[in-house]
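As a plain string of letters, each chain reads:
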Amino acid sequence: MTSTIETRPSLLQRLHGLSAEAVGFALIGASGVVVNFGLFWILNNVVGLALLRSNIAATVVAIATNYLGYRYWLYRDRDAASRKREITLFLLFSGVGMLIETGTLGFTQYVLGLDTSFERLGGKFLGLVVATVFRFVSYRTWVFKAMPELEEPEVVQEAELLLAAEERPALAN
């Protein structure tokens, strides 16, 4: 019977990895929030664009800047074999997040009647929080998938033994 060395990370290591990922996600997300809120404020209060249109336009720009941060910094080591699939899923889940955010903003204004500039920002912030939780889970689970880890080191050992066995007869001739 062959003994195998446990190669899976401990729970503490996985939690540390997740917390580092969450911090990176938060940093990129914070830059996206600045873009999102800044552009939203300008479009709604300076340009005079309607509330929900301002939100959608600002969110689309923030989604684009966030993708660059996620792909080329936070998840740069993740499997990027199928960029078309990745971008499609990223846009799909980002769009759902945008609907969550815009729906919450619309609800706070049109149903609850919260219509001052400060209340609009509060409604946007609430929607952004809910949408961010959704995006974090969906991005890390389906969009930026981890590279598959070698779960079975014994397979590698067996392959090396087979290669070594094939080389021996060749050396004898």
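What comes next is a walk through the structure. (Residues numbered from 1 in each chain as written. Predicted model: local features only at pLDDT ≥ 70, side-chain atom pairs only at ≥ 80, totals over all residues. Heavy atoms only, no water.)

### Some thoughts on the overall build of the protein chain
- Each helix and strand in the protein chain was counted, giving five helices and zero strands.
- In the protein chain, the order of α-helices and β-strands from amino to carboxyl end is α-α-α-α-α.
- With 173 residues in all, the protein chain has 30% of them scored as buried.
- Residue pairs in contact within the protein chain that sit at least 24 positions apart in sequence constitute 74% of those at least 6 positions apart.
- With an accessible surface of roughly 11300 Å², the protein chain has 68% of that area assigned to carbon and sulfur atoms. (Helix = DSSP H or I, 4+ residues; strand = E, 2+ residues; numbered from the N terminus. Buried < 20%, exposed > 50% of the residue type's maximum accessible area, 1.4 Å probe, protein only. Contact = heavy atoms within 4.5 Å. Areas by Shrake-Rupley, 256 points an atom, 1.4 Å probe, with all protein chains shown as cover.)

### Focus: the nonpolar core
- Phe 25, Tyr 70, Tyr 75, Phe 90, Tyr 139, Val 143 and Phe 144 are the most contacted members of the largest nonpolar core, which has 14 residues in total.
- Counting only elements with at least two residues in this core, the list comes to helix H1 (11–47), helix H2 (51–74), helix H3 (83–111) and helix H4 (117–143). (Core = buried A, V, L, I, M, F, W, Y, C linked by side-chain atoms within 4.5 Å.)

### Some remarks on the environment of Met 98
- Mapping Met 98 onto the fold places it in helix H3.
- Sequence-wise, Met 98 and Thr 59 are 39 residues apart; in three dimensions their C-alpha atoms are separated by 6.6 Å.
- Beyond its immediate chain neighbours, meaning those up to four positions away, Met 98 contacts Ile 56, Thr 59, Val 60 and Arg 135.

### What about the environment of Tyr 70?
- Secondary-structure assignment places Tyr 70 in helix H2.
- Taking the C-alpha atoms as reference points, Tyr 70 and Tyr 139, separated by 69 residues in sequence, lie 9.2 Å from one another.
- Filtering out sequence-adjacent residues up to four positions away, Tyr 70 remains in contact with Phe 25, Ile 28, Gly 29, Tyr 75, Arg 76, Phe 90, Tyr 139 and Phe 144.

### Remarks on the pattern of salt bridges
- Going through the model one piece at a time under the given rule, you end up with three salt bridges.
- With a closest N to O distance of 3.1 Å, Arg 120 and Asp 115 form a salt bridge.
- A relative accessible area of 18% means that Arg 120 is categorised as buried.
- For Asp 115, a relative accessible area of 38% corresponds to the partly exposed category. (Salt bridge = Lys/Arg side-chain N within 4 Å of Asp/Glu carboxyl O.)

### Remarks on the packing of H3 against H4
- Taken N-terminus to C-terminus, the directions of H3 and H4 make an angle of 155 degrees; their axes are 8 Å apart at the nearest point. Comparing their axes, H4 and H3 come out roughly antiparallel. Between H3 and H4 lies a crossing of right-handed hand.
- Residue composition of the contact of H3 with H4, by class: 15 nonpolar, eight polar and six charged. (Axes fitted to C-alpha atoms, helices over the stretch in contact; angles between N-to-C directions. Parallel < 35°, antiparallel > 145°, perpendicular 65-115°, else oblique. Left-handed = near helix turned anticlockwise from the far one by under 90°. Nonpolar A, V, L, I, M, F, W, Y, C, P; charged D, E, K, R; others polar.)

### A word on the environment of Val 143
- Within the fold, Val 143 resides in helix H4.
- Overall, the relative accessible area of 1% leaves Val 143 in the buried class.
- Taking the C-alpha atoms as reference points, Val 143 and Leu 89, 54 residues apart in sequence, are found 5.8 Å from one another.
- When near neighbours in sequence (up to four residues on either side) are disregarded, Val 143 contacts Arg 85, Glu 86, Leu 89, Phe 90, Phe 93 and Ser 138.

### Describing the packing of aromatic side chains
- For the coordinates displayed, the defined rule picks out nine aromatic pairs.
- Here the aromatic cluster, defined as three or more aromatic residues joined through ring pairs, consists of Phe 25, Tyr 67, Tyr 70, Phe 90, Phe 136 and Tyr 139.
- Over the ring of Phe 37 we find Lys 124, and its NZ or CZ is 5.5 Å from the ring centre. (Phe/Tyr/Trp six-rings, centres within 6.5 Å; stacked < 30°, edge-to-face > 60°. Lys NZ or Arg CZ within 6 Å of the ring centre and 35° of its normal.)

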